[in-house]
Amino acid sequence: MNVVIDGLNINYTDIGEGTPVLLLHGWGSSCEVYTGFINTLKNRCRLVALDFPGCGKSDTMAEPWDLQKYCDFVLKFMAAVGLENPIMMGHSHGGRVTLYMTASGMVNPPKIVLLDAAGLIPKKTFKQKYRAKSFKAIKAVLTLPLIKNFSGSLLDKARRHYGSADYNAAPEVLRKTLVSLVNTDIRDVLPNIKCPSLLIWGENDTATPLADAKVIEALIPDAGLCVIKGTGHFSFVERPYEANAIINSFI
């Protein structure tokens, strides 16, 4: 299915009837990541899952977005598809959007589910700090007025060497968007979340470590954490039967 939001064709699925649930995927993923949850809940819930702009089958935005822009987009999407007061579920970046929208009062969901959610700026290791400073120094030189017209390929090589896999795989507009997102920390507003909040996390997640989950759990008054042993950043995909059982019970 498709809907147009601010001139962008947005792909989404809308399956089942009953309790409304909005599913927001992570960075570089798509709504297809939620197939397991949809099949588990479709007999008693209306499940709406979208592809964020620049992901899946949706159009890419023309300008970089920040977190607020994503939240505004989700509100417009909900209005366009007639989704009122849904339970919100978000993986990684989708969890970041879910957290911020709920904490800021943009939505008032009856429950939220956070799957290996982003939203905290992690402490960088010495190696990560060194790599970041090295790239900034190289970029500063390669973008000097006298040589920037001749250094494009060298700058691209530097980006590939120093950038993350997500960063390198994205077009420029999404690279700038990603930089904005990963430098946004929302922990200060998390105590504002009053609804029941379920956290499902991979024990070995390296993208959003388990330590982040424990911080988020501590900051949200009514939150509980379920750790799935031996899994990483896509814990609910790696152990679908365990994750589906937890979700089925909570919803």
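Because the structure is a prediction, the values reported are computed rather than measured. (Residues numbered from 1 in each chain as written. Predicted model: local features only at pLDDT ≥ 70, side-chain atom pairs only at ≥ 80, totals over all residues. Heavy atoms only, no water.)

**Q** Describe in detail empty space enclosed by the protein, supporting the description with residues and values.
**A** Tallying each qualifying case throughout the model produces one cavity of 30 Å³ or more. Along the walls of the largest cavity sit His25, Gly26, Trp27, Gly28, Phe52, Pro53, Cys55, Tyr70 and His93, which together make up its complete lining. Within the lining of the largest cavity, the residues separate by chemical class into five nonpolar, four polar and no charged. (1 Å grid on protein atoms, 1.4 Å probe; cavity = no way out; pocket = protein on both sides within 12 Å on 5 of 7 lines; lining within 4 Å. Points joined across faces, edges and corners; volume = space filled by probe spheres on them. Nonpolar A, V, L, I, M, F, W, Y, C, P; charged D, E, K, R; others polar.)

**Q** Talk me through the packing of aromatic side chains; I want residue IDs and the actual numbers.
**A** As enumerated under the stated definition, the model contains eight aromatic pairs in all. An angle of 20° between the planes, with centres 5.8 Å apart, marks the rings of tyrosine 34 and phenylalanine 236 as stacked. Within this pair, whereas tyrosine 34 is found in the loop between β3 (19-24) and α1 (35-41), its partner phenylalanine 236 is found in helix α9 (residues 235-238), the two being separated by 202 residues in sequence. In this pair, the class of tyrosine 34 matches that of phenylalanine 236, namely buried. A ring pair is formed by tryptophan 65 and tyrosine 70, whose centres lie 5.0 Å apart and whose planes are at 80°; its orientation type is edge-to-face. When sorted by exposure, tryptophan 65 lands in the same class as tyrosine 70, which is buried. (Phe/Tyr/Trp six-rings, centres within 6.5 Å; stacked < 30°, edge-to-face > 60°. Helix = DSSP H or I, 4+ residues; strand = E, 2+ residues; numbered from the N terminus. Buried < 20%, exposed > 50% of the residue type's maximum accessible area, 1.4 Å probe, protein only.)

**Q** Give a description of the sheet that holds strand β7 (residues 197-202) that names residues and reports values.
**A** Spatially, the eight strands line up as an open sheet ordered β1-β2-β4-β3-β5-β6-β7-β8, and their pairing is mixed. A single partner strand is all that each edge strand has here, and the edge strands are β1 (2-5) and β8 (223-228). With strand direction ignored, the average angle separating the axes of adjacent strands in the sheet is 20°. Relative to strand β4 (residues 45-50), β3 runs parallel, the two being bridged by five bridges. Opposite leucine 23, over in β4, you have alanine 49 as the bridge partner. Running at roughly 175° to β7, helix α10 (residues 240-250) makes contact with β5 (87-91), β6 (112-115), β7 and β8 of the sheet. (Pairing = 2+ DSSP bridges. Axes fitted to C-alpha atoms, helices over the stretch in contact; angles between N-to-C directions. Contact = heavy atoms within 4.5 Å.)

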